[in-house]
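So you can see what is in the structure, the chains are spelled out below.
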Amino acid sequence: MSRIAKLPVNLPQGVNATIAAGTVTVKGAKGALTLPLADGLSVAQKDQTLVVVVAEGKATNERVAAAGAARANLANMVTGVTKGFERKLELVGVGYRAALQGKNLNLTLGFSHPVQFPVPDGISIETPSQTEIVITGIDKQLVGQVAAEVRAHRSPEPYKGKGVRYAGEKIVMKEGKKK
């Protein structure tokens, strides 16, 4: 079994796990998340820990890898229902703005039209300033996917660095034309 899959996932105070046929549901203060398990995998609960188990005689490379992925996903679910996840985006460029209107994120990114981005369920988006976007939620994958979709509307270009970037992201700048 993989080194990651062997590690137990600790359940903090106030977090409950329900193990059903082929699924694990983790409930906490911020909400509930469900993880479907791959074939040949199961999860055992011992006291306040969860352990991923590969079925006897079925430990192929794919199942061992799936066991490590399932353990990592369980740990992310526990973190999500207790603390939540957050991604910050920055808009860099003259006239680049973001504003939240109802369930839509309005982006002005230098196009001839404003970009409307519908906010999916389970995600909350805030705009503390016109050039900052904060995406929060309990599902790590969904938070990252929404951040990537917003960034894809105008990813940073390598000459001036204009575009939507993750907070703290370093853009490798190219040298411009020489005379």
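Every chain's residues receive numbers from 1 upward, in the order its sequence appears when written. pLDDT decides what is reported in this predicted model: residues at 70 or higher carry local features, side-chain atom pairs at 80 or more are listed and counted, and totals for whole chains, interfaces and linings draw on all residues regardless. Where side-chain values are given, they derive from all heavy atoms of the structure, hydrogens and water being excluded.

Asker: How should the sheet that holds strand β10 (residues 115-118) be read in this particular structure?
Answerer: Spatial ordering of the open sheet is given by β8-β9-β10, a layout of three strands whose pairing is antiparallel. The sheet is open, and its two edges are formed by β8 (97-101) and β10, each paired on a single side. Neighbour to neighbour, the strand axes of the sheet diverge by 25 degrees on average, direction disregarded. Here, strands pair whenever DSSP counts at least two bridges between them. The helix and strand labels rest on DSSP assignments: H or I over at least four residues marks a helix, E over at least two residues marks a strand, and numbering proceeds from the N terminus. Across four bridges, the pairing between strand β9 (residues 104-108) and β10 is antiparallel. The residue bridging Leu107 from the neighbouring strand is Val115, located in β10. Helix axes are fitted to C-alpha atoms over the stretch in contact, other axes to C-alpha atoms as well, and angles between N-to-C directions run from 0 to 180 degrees.

Asker: Can you help me understand the environment of Ala66 in this one?
Answerer: When you line up the elements, Ala66 lands in helix α2 (residues 61-82). Summary of the burial criterion: residues with accessible area below 20% of their type's maximum are buried, those above 50% are exposed, and those between are partly exposed, where the area comes from a 1.4 Å probe applied to protein chains only. For Ala66, a relative accessible area of 23% gives the class partly exposed. By the convention used here, residues are in contact when the closest approach between their heavy atoms is within 4.5 Å. Apart from residues lying up to four places away in sequence, Ala66 is in contact with Ala38 and Leu41.

Asker: How should the sheet that holds strand β3 (residues 23-27) be read in this particular structure?
Answerer: Spatial strand order, β2-β3-β4: three strands in an open sheet with antiparallel pairing. If you trace the sheet from one side to the other, it starts and ends with β2 (16-20) and β4 (32-36), each paired once. Direction aside, neighbouring strands of the sheet carry axes that sit 15 degrees apart on average. One ladder, built from five bridges, connects β2 with β3; its direction is antiparallel. Bridging from a neighbouring strand, Ala20 pairs with Thr23 of β3. The strands touched by α2 within the sheet are β3 and β4, with β4 carrying the most contacts at an inclination of about 175 degrees.

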